[in-house]
Structures are given as C-alpha cells and as structure tokens.
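Observations on chain architecture
What follows is the residue order along each chain.
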Amino acid sequence: MELTYTKTGNYLIPNLVMDPQPEGEIGVWGWRRKLYLKERRKGTYNALLMKGTLTQHLIDTNEAALDMMETLVKQMAATEGVTEDLKRRDQMAWVGAMNNIRNRADEIVRNELIYV
C-alpha cells in the first residue's frame, strides 16, 4: 500500500481516500437491518463497516426483502381468494384482507431476513 502525504506546517498528513460506495437504495428494509445489526449484532455490524461492505449488504437485504414481500403477498392472496372480483364487490373486505396479508408477510420477512 502506497501512501502519500501532504505537509501542513510541521506535520505530514496522509492523503486518505474512502473507497467508492455502491450505488443503490437502502430502503426501509435495509434501514431496519442496519438498526438491528447496530443494536443487537455489534460485531457483525463493525466487521461489515470496517470491510466497507455494509452498504452493499443493506442494499442486497432490501432487494431480497422486497422480492420476498411481493411473492408472499401474491401467494397468500391467491390462497385465501382475495381477488380483484372481491375488490369490486366488497372493497372494505378486500382492504381488510390485504392489510392482514401484508402484516403477516411483513412479520415473516422480518423474522426470516432482517432479524437473523
């Protein structure tokens, strides 16, 4: 590793440059994962942070969680018969059923991806 220095007064200050961070959206699931790691898994959090892979880990976690949520909601809605026909006939029943499905899918994603 080759370091260069800048002389400031009587001091030599190293020219440190941070590695470029990956582009992408961390999203709500990534932030939840970050908070969990920071509060409950400090060793893992610090290791990812020091390796410079924390941001990529959070982006990947967010993408995986979004995919899992979408898949679970579609599967549960199909299994329970929550269709567009129900939405047309009884909007309040459809909204209640979809909220129930989303809440259950949210809990599954949290337990399977975020809090592990």
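Okay, so let's go over this structure.

The rules we used
Residues numbered from 1 in each chain as written. Predicted model: local features only at pLDDT ≥ 70, side-chain atom pairs only at ≥ 80, totals over all residues. Heavy atoms only, no water. Helix = DSSP H or I, 4+ residues; strand = E, 2+ residues; numbered from the N terminus. Contact = heavy atoms within 4.5 Å. Salt bridge = Lys/Arg side-chain N within 4 Å of Asp/Glu carboxyl O. Buried < 20%, exposed > 50% of the residue type's maximum accessible area, 1.4 Å probe, protein only. Axes fitted to C-alpha atoms, helices over the stretch in contact; angles between N-to-C directions. Parallel < 35°, antiparallel > 145°, perpendicular 65-115°, else oblique. Left-handed = near helix turned anticlockwise from the far one by under 90°. Nonpolar A, V, L, I, M, F, W, Y, C, P; charged D, E, K, R; others polar.

The next subject is the side chain of Asp106. Structurally, the position occupied by Asp106 is in helix 5 (residues 91-114). Discounting residues that sit within four places of it in the chain, Asp106 has contacts with Trp29, Arg32 and Met69.

This part takes up the pattern of salt bridges. Summed over the entire model, instances satisfying the criterion amount to six salt bridges. The shortest N-O distance in the salt bridge between Asp85 and Arg89 comes to 3.1 Å. Taken together, the positions of Asp85 and Arg89, both in helix 4 (residues 84-89) and four residues apart, correspond to about one turn of that helix. The exposure class assigned to Asp85 is partly exposed, which follows from its relative accessible area of 32%. Judged by relative accessible area, Arg89 falls into the exposed class, the value being 60%. A salt bridge links Arg110 to Asp106; the shortest N-O distance between them is 2.7 Å. Of this pair, Arg110 and Asp106 both sit in helix 5, four residues apart, which is roughly one turn of the helix. A relative accessible area of 26% places Arg110 in the partly exposed class. Residue class for Asp106 comes out buried when judged on its relative accessible area of 16%. Through salt bridges with shared partners, a single network forms among Arg32, Asp106 and Arg110.

The subject of this paragraph is the packing of helix 3 (residues 54-80) against helix 5. At a minimum axis separation of 9 Å, helix 3 and helix 5 run at an interaxial angle of 140°. Between helix 3 and helix 5, the interaxial angle falls into the category oblique. As helix 3 runs across helix 5, the sense of the crossing is right-handed. Here Thr61, Ala64, Ala65, Met68, Met69, Leu72, Val73, Met76, Ala77 and Glu80 of helix 3 lie close against helix 5, whose contacting residues are Met98, Ile101, Arg102, Arg104, Ala105, Asp106, Ile108, Val109, Glu112, Leu113 and Ile114. For the contact of helix 3 with helix 5, a count of residues per class yields 15 nonpolar, one polar and five charged.

As far as function goes, none of this settles anything; it's purely spatial.
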